[in-house]
Amino acid sequence: MSASRSAPGPLSRAESWLDRLIDLMAVLSGAILFLMMFLVVANTLTRKFLNWPITGAFELTASMLTLSIFLALAYTQKAGAHISVDVLNRHLTGGVKRALDLSAPVLGFVCFGWATYACWLFAYESYSMSEQEWGSITYPIWPVKMIVCFGLGALTLRYLLEIGIVAMGERQGGETPR
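Cut-off values and rules
Residues numbered from 1 in each chain as written. Predicted model: local features only at pLDDT ≥ 70, side-chain atom pairs only at ≥ 80, totals over all residues. Heavy atoms only, no water. Helix = DSSP H or I, 4+ residues; strand = E, 2+ residues; numbered from the N terminus. Buried < 20%, exposed > 50% of the residue type's maximum accessible area, 1.4 Å probe, protein only. Contact = heavy atoms within 4.5 Å. Areas by Shrake-Rupley, 256 points an atom, 1.4 Å probe, with all protein chains shown as cover. pLDDT = per-residue confidence, 0-100. Axes fitted to C-alpha atoms, helices over the stretch in contact; angles between N-to-C directions. Parallel < 35°, antiparallel > 145°, perpendicular 65-115°, else oblique. Left-handed = near helix turned anticlockwise from the far one by under 90°. Nonpolar A, V, L, I, M, F, W, Y, C, P; charged D, E, K, R; others polar. Expected span 1.5 Å × (residues − 1).

Draft legend 1. Looking closely at the overall build of the protein chain. Within the protein chain, the regular secondary structure consists of four helices and two strands. Ordering the α and β elements of the protein chain from the N terminus gives α-α-α-β-β-α. Scored against the burial criterion, the 178 residues of the protein chain give a buried share of 35%. Nonlocal contacts in the protein chain, meaning residues at least 24 apart in sequence, comprise 71% of its contacts between residues at least 6 apart. About 11,000 Å² of surface is accessible on the protein chain, with carbon and sulfur atoms providing 71% of the total.

Draft legend 2. Representation of the confidence of the model for the protein chain. Of all residues in the protein chain, 89% have pLDDT values of 70 or greater, and the mean over the chain is 88. When pLDDT is averaged over each helix and strand of the protein chain, the minimum, 92, is found for strand E1 (residues 132–133) and the maximum, 96, for helix H2 (residues 57–78).

Draft legend 3. Summary view of unusual backbone geometry. With phi around 55°, Asn 51 is a residue other than glycine that occupies positive phi space. By the element assignment, Asn 51 lies in the loop between helix H1 (10–50) and H2. For Asn 51, a relative accessible area of 68% corresponds to the exposed category. Its identity as a non-glycine residue notwithstanding, Ser 130 has a phi of 50°, on the positive side.

Draft legend 4. Layout of the side chain of Thr 156. Considering the arrangement of structural elements, one finds Thr 156 in helix H4 (residues 142–167). If we ignore the near neighbours within four places in the chain, the residues touching Thr 156 are Phe 109, Phe 112, Gly 113 and Thr 116.

Draft legend 5. Region of interest: the packing of H1 against H2. For the pair H1 and H2, interaxial distance at closest approach is 8 Å and the crossing angle is 150°. The angle between H1 and H2 falls in the class roughly antiparallel. As H1 packs across H2, the resulting crossing turns out to be left-handed. Its residues assigned to classes, the contact of H1 with H2 comprises 19 nonpolar, four polar and three charged.

Draft legend 6. Representation of the side chain of Ser 68. Following the sequence through the fold, Ser 68 ends up in helix H2. Owing to a relative accessible area of 4%, Ser 68 belongs among the buried residues under this scheme. Residues within four places of Ser 68 in sequence aside, it is in contact with Ser 29, Ile 32 and Leu 33.

Draft legend 7. Spotlight on the packing of helix H3 (residues 94–128) against H4. The N-to-C vectors of H3 and H4 enclose an angle of 160°; their axes lie 8 Å apart at closest approach. As judged from the angle between their axes, H3 and H4 are roughly antiparallel. Relative to H4, H3 is oriented so that their crossing is left-handed. In the contact of H3 with H4, the residues fall into 24 nonpolar, six polar and four charged.

Draft legend 8. Structural view of the environment of Thr 76. Within the fold, Thr 76 resides in helix H2. For the pair formed by Thr 76 and Ile 22, sequence separation is 54 residues and the distance between their alpha carbons is 9.4 Å. Those residues within four positions of Thr 76 in sequence are excluded, and the remaining contacts are Ala 81 and His 82.

Draft legend 9. Summary view of H3. With 35 residues, H3 should cover 51 Å at 1.5 Å per step; its first-to-last C-alpha distance of 51 Å lies within 8% of that length. Every buried residue of H3 is listed here: Asp 101, Pro 105, Gly 108, Ala 115, Thr 116, Cys 119, Ala 123 and Ser 126. On its buried side, H3 packs onto H4. Ser 130 lies just past H3 and shows a positive phi near 50°.

Right under this line is the structure:
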């Protein structure tokens, strides 16, 4: 959960709502990783001892890995666990520090906003043509692309929220909400 603020306003309500969504996405990401681990172990054991691999295990684990990564991106940002370099920033104070603190979420919002938009176009095109993954099994790939877009969108919203938090002075940039 986020650090509580003295005056609950629209920003703290938005943060609370978004944090619940991001936490749910992180739990889903963890569950997908667990299922993927189970599938890989089961495939390895059946291939080794029964000479009978699980059909489609390779294709499914590729999609599952993609989903687990993109569903967890926003949580990683929320927890402040992305890689950061603060060699210069920790020696600054005042307006220059605040400007630098604000630049990271602004840059993240712009970059991931663009990535979300581009991913949406890509996913929509995949949906429009009913794109399939072909291998030992055939399954629609567009739902995976839509969920990737959803994960990028959640990260974009998290950056937007952080812009508001830093701009309103409720928290220093780079300060984790925990």
